[in-house]
Amino acid sequence: MSVLQGSGAGRSEDGFRLGAPALRARPNAARRPVANGGVLTGLYVVVFAVVAFLALVPLAALVVGSLRDTSPGLPGQWTLANWANLVSPGVIDTLLTTLVVAGLSTIFAMIIGTALALVIHRTDFRWPNAMTGMLALSFYFPSFILAMAWIVIGSPGGVINDVLREFLGIESVSVDIYSTWGIIFVMVLHQVPFVYLTIRGPIMGMDPSYEEAARTAGASPWCMLRRVTLPMLAYALASSALLCLVLTLEQFGIPVLIGVPGHVTVLATQIYLLCRFPPTAYGLAAAIGLTLAVITSVAILLQRRLARGERSVTTTGKAGKITPIPLGVWRWPVNLFCGFYVAVSLILPGLILLYTSLIKFFTANPFDAVFTFRNYLYIWNSEETQRAIINTIIVSGGGALVGVLLGVACSYYVVRLRPTGYRLLDALVMLPFGVPGIVLGLGLLWAYAYLPLPLYGTLTLIVLAYVTRFLPYAAETSGARFVQLDRSLEEAAWTAGASRLAGVWRILMPLSLPSLQSSYFLLFMAFFREISATILIFTASTSVLSVSIWSAFEQANWGLASALSILAMVLMVAMMSLLLWAMPGARRR
Amino acid sequence: MTHAGDHELTRRALLAALGSTVALGALAPSRAMAGEDWPAVQAAAAKEGKLSFYHNLRPQGVEQLLIEFRKANPGIQTEQIRLGSAPLIERFSTEFNAGRNIADVMLTFPDDAMFTGVDKGGWALEWTPPELSAFKPVINRGNKTFAVHTSRNVIIYNKQRVKPADAPKEWTDLWDPKWKGKVGMDPPWRSIAVQGVVALWVKNGITDAAQKLKANDVRFFEGSAGVFQAVLRGDVMVATLADLPLEPGLEDGAPIGFVYPKSGTATNDGYVMVSARAPHPNAGKVFVNWLMSAPGQLVLQEQGGLPVTRPGVAPTKFVPPTSALSNAVDSITIVSGVEQSKTIETWRETFGIR
């Protein structure tokens, strides 16, 4: 019996155990697909094995590390001290601060990101494509670069205070980014594009007939939003919120830069200190990282249970056309809201980066600045940077494709087919995501340095690391779309004699195209900007652009870091334009 | 290098003595002192044709440094990895223990883990660079690691916001209430260099600096360069930092004033070594020897921004040489592993970072 086959209730006649009622195939022989269970079984085994390997190998290394008083490979003793230290008052206080910061950041990011997505894709907002492009671009900003830009803008000696003091003569009012609210503000700016990109696909894929019906019944736009639109998006919103929460929990670039001067410590800062500065405590860092992974896994399990009954089928075979909601008197407030967001998350930081890249040392007043092109000349002449650019393009472009294919395969099995062990597969996909990047990097370094595989020091390892870390992006984004698609669409293909694979290829994939493209963009940009795991496993020949930026940044060479960031953004725009050109479906709203 | 006030019997002192003995021509020369057949090493290096350099130098500086090395040694291609000291040492350690030997040469500010790795783990090749004879013996740690440049702790201030007459002159001025909320530093739990200056304060009888700086609302920034940027921006007016970013910043014309207190300062040497398992050991030796040569030291000083240890090299343009500083104490002589842990524990406790 194949792992996909079984008998009894809950399994379809072609041997696949099906899930929630909305997705369950009707017992109709005429709707049975042409069997190709063997291929699907084989593929499932391969997908399961690959995901298990990717997730468990670095985690196993971390488990070993957490039980040793030295790094793996070094002489040392087995110990439980690292785990015992988890309940120290310091760790618990820091955990509480972390939860407050992450929770508030997630709530605000979800509100703003969802509002932007609804405005762009559900109303007659006039610049949807431009807004999408700018949100995608702001997603690129590495967190530490965004934090750096906002320090220049909002620190005690920054641009805002300089304008208040020098130009307006106001001494009594000042802004200080170095605070808990400063961290939350920058985290929200950083996470909103992620929220937007993860729910864009589901919003675009919603069946408009439900909203039309509500409208016909006389529901106001607000009532329709509360009673129809948001409930239909529940799964996508829950998934997005969960991922957003995990990302904010493990975020370290922003709290390190903004929190440390303001004496605000979060768990990621703690882990960062434990991992990077002597006397290092890798074992404790691993224990904290693994604990976070367990918490995340439990949260995911709960979220899956809650969502199972809520998953909404919103795309059926019935034709429908979206009627945009007229903004009416809300047009200008909405325009201002969108404009303000783009200004503070993209344009202002972008201009600050450009300015910083062109001056020898920082001064808030451009008239006092000494301008120079030396940072760009350095990039032009730097062999290392050129190699890093090529590596980045290979890793982001090719690696994101690998990630999307694996993520789609995982979510197809988890959401659609639900074979034996699908929940474990689901958990394995999500498991590394809850581990802070810097800790996961440690696990990857320990694992792949010691495993007798020819991976260490290759670009393949960088791709594997990125796929391990960001697979949930692809799985969640495509999974959120799959649950919206009524099984009847595939069944119609089966009725016409198509095999299950043909149904996937001809029905499921085309209807999921916006989400798949969102997945690719998400992965592409996440890979492009990833640093925390890369920093421990890159070698001279596998260095990427984010490492170059981090190196300059770590030396507080903000001019060079800014110039490299500008270059990265230009590259990003060029590559995204190329992708949009190559994927006609992505140009559709 | 001047190391005053150093009367304790420390490992460093013992090693320095050992180095001196060896340099003066001990009766039983070691294998390393038997002398290198340098032309043979150079020929082998050219044959290897490649060098992998692990370091914590400035990104812009290191590329120029490697260009100069390649000019002097055509035929040897270079590649490099730059990380902060601690992660660099951790990376080297993991690769060394796992048998993934990529690094030929490592240059960094060492901590206890590195010296333990070198002394007990066999990380470094034992050999004698031909240029070693031009240095004071104190830079040589057992013919394995060699101090090639030095950072020093300094007080800086923003010249646009603080008049030189009002600027702090001594470490104790940093906890003057007039700087409340306007003092910056790299926290000691993050920086080996700052641990050095804290140890110096303790040595000078100031045991409650953490409490005093907390009372003065000190602000922490990421690394000495982060502190430098914060003072430049005006987030804080005065700060203490390791002087890595000072020379390049002053060369750019940054409005930063500086004071090396008369009561003394703590120094930290950057050490270079050839890995015992270097894939290209001869290229590694050629590179280290070039780095210790007069032209190499000059390039290192210009591109690294720190005074070098070879006597006779032209001084830095803006910051004084270590020999000109009053009571400069090598951090290694006053910061043991135990004291390092104690300092970090005290400061983390004081600032609630537990």
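Residues numbered from 1 in each chain as written. Chains lettered and ligands numbered in written order. Predicted model: local features only at pLDDT ≥ 70, side-chain atom pairs only at ≥ 80, totals over all residues. Heavy atoms only, no water.

**Quick look at the nonpolar core**
In this structure, Ile258(A), Tyr473(A), Phe53(B), Trp201(B), Phe287(B) and Trp347(B) are the most contacted members of the largest nonpolar core, which totals 309 residues. Each of two domains, domain 1 (1–7 + 35–57 + 373–589) and domain 2 (88–279 + 288–370) of chain A, supplies a minimum of three residues to this core. Non-local contacts of Trp201(B), meaning those with residues more than four positions away in its chain, are made with Trp171(B), Trp175(B), Ile206(B), Ala209(B), Leu213(B) and Trp347(B). (Core = buried A, V, L, I, M, F, W, Y, C linked by side-chain atoms within 4.5 Å. Buried < 20%, exposed > 50% of the residue type's maximum accessible area, 1.4 Å probe, protein only. Domains from an automatic or database assignment. Contact = heavy atoms within 4.5 Å.)

**Concerning the interface of chain B and chain A**
Every contact between the two is made by 54 residues of chain B and, on the other side, 67 residues of chain A. Counting the surface lost from both chain B and chain A, the interface buries some 5,200 Å², and carbon and sulfur atoms represent 52% of this. Between Arg374(A) and Asp252(B) there is a salt bridge, with its nearest N and O atoms 2.5 Å apart. For the interface between chain B and chain A, the tally reads 15 residue pairs in polar contact (both at pLDDT 80 or more). For the side of chain B that touches chain A, the elements supplying multiple residues, two or more each, are helix 3 (59–72), strand 2 (77–82), helix 4 (85–98), helix 6 (192–203), strand 7 (219–220), helix 8 (223–233) and helix 12 (337–350) of chain B. Looking at which element gives the most residues to the side of chain B that touches chain A, the answer is helix 4 of chain B, with nine residues. For the side of chain B that touches chain A, the per-class residue count stands at 20 nonpolar, 15 polar and 19 charged. (Buried area = accessible area lost by both parts, 1.4 Å probe. Salt bridge = Lys/Arg side-chain N within 4 Å of Asp/Glu carboxyl O. Polar contact = N/O pair within 3.5 Å; in protein donor to acceptor, adjacent residues only side chain to side chain. Helix = DSSP H or I, 4+ residues; strand = E, 2+ residues; numbered from the N terminus. Nonpolar A, V, L, I, M, F, W, Y, C, P; charged D, E, K, R; others polar.)

**Looking at the domain arrangement of chain A**
Residues and elements named next belong to chain A. Examined at the domain level, chain A breaks down into domain 1 (1–7 + 35–57 + 373–589) and domain 2 (88–279 + 288–370). One C-alpha centre belongs to domain 1, the other to domain 2, and the line joining them spans 21 Å. On the side of domain 2, 66 residues touch domain 1, which itself brings 62 residues to the contact. Here domain 1 and domain 2 share an interface that buries about 5,700 Å² over both sides, 67% of which is from carbon and sulfur atoms. Put simply, domain 1 and domain 2 have zero salt bridges between them. Looking at the side of domain 1 that touches domain 2, the elements that each hand over two or more residues are helix 15 (374–381), helix 17 (422–430), helix 18 (437–450), helix 19 (459–482), helix 22 (513–529), helix 24 (545–554) and helix 25 (558–582). With twelve residues, the top contributor of residues to the side of domain 1 that touches domain 2 is helix 25.

**Some points on the packing of aromatic side chains**
Residues and elements named next belong to chain A. Following the criterion strictly, the structure yields 34 aromatic pairs over all chains and no others. Ring centres 5.0 Å apart and planes at 50 degrees place the aromatic pair phenylalanine 194 and tyrosine 473 in the tilted group. One end of the pair, phenylalanine 194, is in helix 7 (residues 180–205); the other, tyrosine 473, is in helix 19, with 279 residues separating them in the sequence. With a relative accessible area of 1%, phenylalanine 194 lands in the buried category. (Phe/Tyr/Trp six-rings, centres within 6.5 Å; stacked < 30°, edge-to-face > 60°.)

**Digging into the confidence of the model for chain A**
Detailed reading of the predicted coordinates is not advisable wherever pLDDT is low. Residue and element names in this part refer to chain A. Predicted confidence across chain A gives a mean pLDDT of 81, with 88% of residues reaching 70 or more. Within chain A, helix 14 (residues 331–357) carries the highest mean pLDDT (93), whereas helix 26 (residues 584–587) carries the lowest (54). For the stretch residues 1–30, pLDDT sits under 50, and the model shows 69 contacts to residues farther than four places along the chain or on other chains. (pLDDT = per-residue confidence, 0-100.)

**Topic: helix 20 (residues 487–495) of chain A**
For helix 20 of chain A, the set of buried residues is Arg487(A), Leu489(A), Glu490(A), Glu491(A), Ala493(A) and Trp494(A). Phi for Gly497(A), located one or two positions after helix 20 of chain A, is positive at around 95 degrees.

**Remarks on unusual backbone geometry**
Residues and elements named next belong to chain A. Even without being a glycine, histidine 263 presents a positive backbone phi close to 60 degrees. Note on placement: histidine 263 falls in the loop between helix 11 (253–259) and helix 12 (267–276). Judged by relative accessible area, which is 33%, histidine 263 ranks as partly exposed.

**Quick notes on the pairing of strand 5 (residues 145–158) of chain B**
Residue and element names in this part refer to chain B. For strand 5, a buried count of 14 out of 14 residues is recorded, marking the element as mostly surrounded by other parts of the structure. Looking at chain direction, strand 4 (residues 140–141) and strand 5 are connected through two bridges and run antiparallel. From the neighbouring strand, arginine 141 faces strand 5, where its bridge partner is threonine 145. What sits between strand 4 and strand 5 in their antiparallel hairpin is a turn of three residues, with glycine 142 showing a positive phi close to 65 degrees. Sheet analysis places strand 5 next to strand 8 (residues 238–242), joined by five bridges and oriented antiparallel. Pairing of asparagine 153 across the sheet is with alanine 242, part of strand 8. Bridge analysis of strand 5 against strand 9 (residues 256–259) gives four bridges, and the strand direction is antiparallel. Bridge assignment links isoleucine 155 to a residue of strand 9, and that residue is valine 259. (Pairing = 2+ DSSP bridges.)

**A closer look at helix 9 (residues 221–232) of chain A**
All names here are of chain A. Considered for burial, the residues of helix 9 that qualify are Met224, Val228, Thr229 and Met232. The buried side chains of helix 9 occupy one side of the element, clustering within an arc of 85 degrees when seen end-on. Helix 9 presents Trp222 and Arg227 as exposed residues on the side facing more than 90 degrees away from its buried surface. On its buried face, helix 9 sits against helix 3 (89–122), helix 8 (208–216) and helix 10 (234–250). (Arc of directions from axis to C-beta.)

**Examining a nonpolar patch on the surface**
All names here are of chain A. A cluster of nonpolar side chains, Val163, Phe167, Leu168, Ile170 and Val173, forms an exposed patch at the surface whose accessible area comes to about 450 Å². Mapped onto the secondary structure, isoleucine 170 falls in the loop between helix 6 (159–167) and helix 7. What makes isoleucine 170 partly exposed here is its relative accessible area of 31%. (Patch = residues over 30% accessible without salt bridge, like charges linked within 9 Å, V, L, I, M, F, W, Y side chains within 5 Å. Areas by Shrake-Rupley, 256 points an atom, 1.4 Å probe, with all protein chains shown as cover.)

**Some thoughts on the packing of helix 18 of chain A against helix 4 of chain B**
Two elements in contact, helix 18 of chain A and helix 4 of chain B, have axes whose closest approach is 9 Å; the angle formed by their N-to-C orientations is 25 degrees. Relative to helix 4 of chain B, the element helix 18 of chain A lies roughly parallel. Remark: the crossing between helix 18 of chain A and helix 4 of chain B carries right-handed chirality. Residue-level inspection shows Leu445(A), Trp446(A), Ala449(A) and Tyr450(A) of helix 18 of chain A in contact with helix 4 of chain B, the latter providing Glu90(B), Arg91(B), Thr94(B), Asn97(B) and Ala98(B). Grouping the constituent residues of the contact of helix 18 of chain A with helix 4 of chain B by class yields five nonpolar, two polar and two charged. (Axes fitted to C-alpha atoms, helices over the stretch in contact; angles between N-to-C directions. Parallel < 35°, antiparallel > 145°, perpendicular 65-115°, else oblique. Left-handed = near helix turned anticlockwise from the far one by under 90°.)

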